[in-house]
Amino acid sequence: MNFADAPSDAAFRREVQEFLAHELPPDLRAADDAVMGVGIGEDERERGWLRTLAKRGWVAPAWPKEYGGAGLSVMQQFIFNEEMARAGAPRPNFLAIGLAGPTIIVHGDEEQKRQHLSGILSGETFWCQGFSEPGSGSDLASLQTRAVQDGDDFIINGQKIWTSGAHRSQRMMLLARTDTEVPKHKGISYFLLDMKSPGVTVRPLTNLADTPSFNEVFFDNVRVARKDLLGELNKGWYVATTTLDFERSGIINGVGLQAMVRELIDFVRADGRRDAGRAALRHELADRMIEAHVSIVLSYRVATMQANGLIPNQEASVNKLFGSEL
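Residues numbered from 1 in each chain as written. Predicted model: local features only at pLDDT ≥ 70, side-chain atom pairs only at ≥ 80, totals over all residues. Heavy atoms only, no water.

A.B. asks: I would appreciate a short explanation of the side chain of threonine 163 in the present structure.
C.D. replies: By secondary structure assignment, the location of threonine 163 is in the loop between strand E3 (153–160) and strand E4 (171–177). Every residue in contact with threonine 163, bar those within four places of it in the chain, is listed here: Cys128, Gln129, Met172, Ser213, Phe214, Asn215 and Val217. (Helix = DSSP H or I, 4+ residues; strand = E, 2+ residues; numbered from the N terminus. Contact = heavy atoms within 4.5 Å.)

Dropping the structure here:
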């Protein structure tokens, strides 16, 4: 693993830090949803921040320059994400910038690129990911949502669950089964679904604060035009794995975990009580901070592998699982 920046990467880190120190409005810092790329783009302050990022091509740092991105290297993407997270800087919708956009760039035709990429860059189009289903979580290829061809359209029926941001999204990256007679990985297709299509129902799954985050999404005879098929018919599984080639270190989560533990420590220090359980609490907080640091180390491992031309399938999955449990 590389913990020290190469000279060029160190210069880029300083550039990002100086940019954030001078350009990031204080009142936009440290909102959890915004940092994770869920909430940005809904008011003029956030749109102004998007415009500031866009001047440097930093709305989509991983995208090629010809599509409005910055064409950053893997390590520069890692540094950019790390510094943005540490500064509490709002990020554009990650599902659009980090997943939908890159996949459309690689697999989309020219019409799909013209239709979707500009709205992603401007923050006007929110995207969600219609992959997981009630009966196909870890085994995604077992999904049962069906898309049956009907002339130039497809008719979709089924259900997705744990769909982040579906209640505010205009488009969905949807995986659906289009062939039931072949091995499960080979009968899936990838659609760019309009969430306003008749027959789409979104049911929010609220948390303890009664805030919608995840959602259930139901499809009842939803008609999707063939022009919204991304890539080849029945090759959707391979389209979906495209994102493995983009930055997926999880450094944003690791930085967020560290910040969460620091907030807990500050809370405990501000509590004037001195009781018998104080020592045990200190040990608990120390353990959590060590684990948060482990999450960051795992992120560095993933980024180092990608910078060396390796695909960290297992390593990225381990980091995701570790961070989720923590």
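A.B. asks: Even after reading the chapter, I still don't get the nonpolar core, so can you show me in this structure?
C.D. replies: Burial of nonpolar side chains together is a common tendency in soluble globular proteins. By size, the foremost hydrophobic cluster in this structure holds 42 residues, and its most contacted members are Leu20, Trp49, Trp58, Trp127, Met173, Leu175 and Tyr190. For this core, the secondary-structure elements that each account for two or more residues are helix H1 (7–23), helix H3 (44–55), helix H4 (74–87), helix H5 (94–107), helix H6 (110–122), E4, strand E5 (188–194) and helix H7 (236–240). Non-local contacts of tryptophan 58, meaning those with residues more than four positions away in its chain, are made with Phe12, Glu15, Val16, Phe19, Leu53, Ala70 and Phe80. (Core = buried A, V, L, I, M, F, W, Y, C linked by side-chain atoms within 4.5 Å. Buried < 20%, exposed > 50% of the residue type's maximum accessible area, 1.4 Å probe, protein only.)

A.B. asks: How should I be thinking about the packing of H1 against H3 in this particular structure?
C.D. replies: For any two helices packed against each other, one specifies the inter-axial angle together with the distance between the axes. Direction vectors running N to C along H1 and H3 enclose 150°, while the axes themselves pass 12 Å from each other. For H1 against H3, the interelement crossing comes out right-handed. Where H1 abuts H3, its residues Phe19, Leu20 and Glu23 lie against Trp49, Thr52 and Leu53. Across the contact of H1 with H3, the residue classes break down as 4 nonpolar, 1 polar and 1 charged. (Axes fitted to C-alpha atoms, helices over the stretch in contact; angles between N-to-C directions. Left-handed = near helix turned anticlockwise from the far one by under 90°. Nonpolar A, V, L, I, M, F, W, Y, C, P; charged D, E, K, R; others polar.)

A.B. asks: Before we go on, may I ask you to explain H4 in this structure?
C.D. replies: Along an α-helix, a turn takes 3.6 residues, which lines up residues three or four apart on a common side. In this model, H4 (14 residues) spans 20 Å end to end at C-alpha, consistent with the 20 Å of a helix rising 1.5 Å per residue. Buried residues dominate H4, accounting for 11 of its 14 residues. Positive phi shows up at glycine 88, right after H4, with a value of about 70°. (Expected span 1.5 Å × (residues − 1).)

A.B. asks: Help me understand the packing of aromatic side chains, please; the structure alone is not making it clear to me.
C.D. replies: The geometry of two aromatic rings is summed up by the distance between their centres and the angle between their planes. For the structure shown, the criterion picks out 8 aromatic pairs. Centroid distance phenylalanine 19 to tryptophan 58: 5.0 Å. Interplanar angle 85°. Geometry classified as edge-to-face. Pair noted here: phenylalanine 19 is in helix H1 and tryptophan 58 is in the loop between H3 and H4, with a separation of 39 residues, a long-range link. A relative accessible area of 4% means that tryptophan 58 is categorised as buried. Ring geometry for phenylalanine 154 against phenylalanine 191: centres 5.1 Å apart, planes inclined by 65°, an arrangement best described as edge-to-face. Linking phenylalanine 154 in strand E3 with phenylalanine 191 in strand E5, this pair joins segments that are 37 residues apart in sequence. There is no split in this pair, since phenylalanine 154 and phenylalanine 191 are both buried. Taken together through their ring pairs, the aromatic side chains of Phe12, Phe19, Trp49, Trp58 and Phe80 make up a single cluster. Cation over ring: arginine 56 sits above tryptophan 58, and NZ or CZ is 5.1 Å from the ring centre. (Phe/Tyr/Trp six-rings, centres within 6.5 Å; stacked < 30°, edge-to-face > 60°. Lys NZ or Arg CZ within 6 Å of the ring centre and 35° of its normal.)

A.B. asks: Where do I start with the pattern of salt bridges in this structure?
C.D. replies: A side chain with one charge can pair with a side chain of the opposite charge if their charged atoms come near. Applying the stated criterion across every chain yields a total of 18 salt bridges. Notably, a salt bridge pairs lysine 113 with glutamate 110, separated by 3.5 Å at the nearest N-O pair. Of the two residues, lysine 113 and glutamate 110 both sit in helix H6, 3 residues apart, roughly one turn of that helix. Overall, lysine 113 belongs to the buried group, its relative accessible area being 11%. Taking the relative accessible area as the measure of exposure, glutamate 110 reaches 47% and is therefore partly exposed. Of the charged contacts in the structure, one is a salt bridge between glutamate 133 and lysine 160, with a shortest N-O distance of 2.8 Å. Of the two residues, glutamate 133 sits in the loop between strand E1 (127–130) and strand E2 (146–150) while lysine 160 sits in strand E3, which places them 27 residues apart along the sequence. Owing to a relative accessible area of 0%, lysine 160 belongs among the buried residues under this scheme. Ionic contacts of the salt-bridge type, sharing partners, join the residues Asp5, Arg13, Glu82, Glu83 and Arg86 into one network. (Salt bridge = Lys/Arg side-chain N within 4 Å of Asp/Glu carboxyl O.)

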